[in-house]
Amino acid sequence: QVQLVESGGGLVQAGGSLRLSCAASGRTFSSYAMGWFRQAPGKEREFVATINWSGGRTYYADSVKGRFTISRDNAKNTVYLQMNSLKPGDTAVYYCAAREGSYSDSRLNYNYWGQGTQVTVSS
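Residues numbered from 1 in each chain as written. Predicted model: local features only at pLDDT ≥ 70, side-chain atom pairs only at ≥ 80, totals over all residues. Heavy atoms only, no water.

Caption draft 1: Representation of the sheet that holds strand β3 (residues 18–24) within the structure. The 4 strands are arranged β1-β3-β8-β7 in an open sheet whose pairing can be described as antiparallel. Looking at the sheet topology across the chains shown, the edges are occupied by β1 (4–7) and β7 (68–73). Strand after strand, the sheet turns through a mean of 15° between neighbouring axes, direction not considered. (Pairing = 2+ DSSP bridges. Helix = DSSP H or I, 4+ residues; strand = E, 2+ residues; numbered from the N terminus. Axes fitted to C-alpha atoms, helices over the stretch in contact; angles between N-to-C directions.)

Caption draft 2: Representation of the state of the cysteines. One pass over the structure, following the stated rule, counts 1 disulfide. Bridging Cys 22 to Cys 96, the disulfide has an S-S length of 2.2 Å. The chirality of the disulfide connecting Cys 22 with Cys 96 is left-handed, given an S-S dihedral of about -80°. Taken as a pair, Cys 22 in strand β3 and Cys 96 in strand β9 (residues 92–99) lie far apart in primary sequence, 74 residues in all. As far as the burial class goes, Cys 22 and Cys 96 line up, both buried. (Disulfide = S-S within 2.5 Å. Buried < 20%, exposed > 50% of the residue type's maximum accessible area, 1.4 Å probe, protein only.)

Caption draft 3: The packing of aromatic side chains, seen in detail. Per the counting criterion, the structure on display carries 6 aromatic pairs. Residues Tyr 32 and Tyr 112 carry aromatic rings whose centres are separated by 6.0 Å and whose planes lie at 70° to one another, so their mutual orientation is edge-to-face. On the criterion of sequence distance, the pair formed by Tyr 32 in the loop between β3 and β4 (33–39) and Tyr 112 in strand β10 (residues 112–113) is long-range, its members being 80 residues apart. Tyr 112 sits in the buried class, given a relative accessible area of 16%. (Phe/Tyr/Trp six-rings, centres within 6.5 Å; stacked < 30°, edge-to-face > 60°.)

Caption draft 4: Expanded view of the pattern of salt bridges. Considering all chains together, one arrives at 5 salt bridges under this definition. For Arg 38, the salt bridge goes to Asp 90, with nearest N and O atoms at 2.9 Å. Separated by 52 residues along the polypeptide, Arg 38 in strand β4 and Asp 90 in the loop between β8 (78–83) and β9 bring together distant segments of the chain. Using a relative accessible area of 6% as the deciding quantity, one classes Arg 38 as buried. Residues joined in a network through salt bridges with shared partners are Arg 38, Glu 46, Arg 67 and Asp 90. (Salt bridge = Lys/Arg side-chain N within 4 Å of Asp/Glu carboxyl O.)

And the structure:
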């Protein structure tokens, strides 16, 4: 099976930037669609961004459009989330996810998840 490990989270001031990484194990990474989700305390996990298997198609939540960029490097079995112009509302645990199929904004369509990495944005 696929194992996912996120890294790159931390504490940053509003307006700053962070880049999250998700390292995947397994030889089938290049055939998986990938996604990023986030979850704040007391709230449901929500969609952030997704990318198809080749990296040619992406989709973003309205709340992060123009600020976040999802990308992948299949040779390195890694997906990234570049986060710019961060806001306090972006504070959450960020999760990497994978699925065999089309890219999707629904967490119900993903069956592999990382452990999450904390992102805290101070005002």
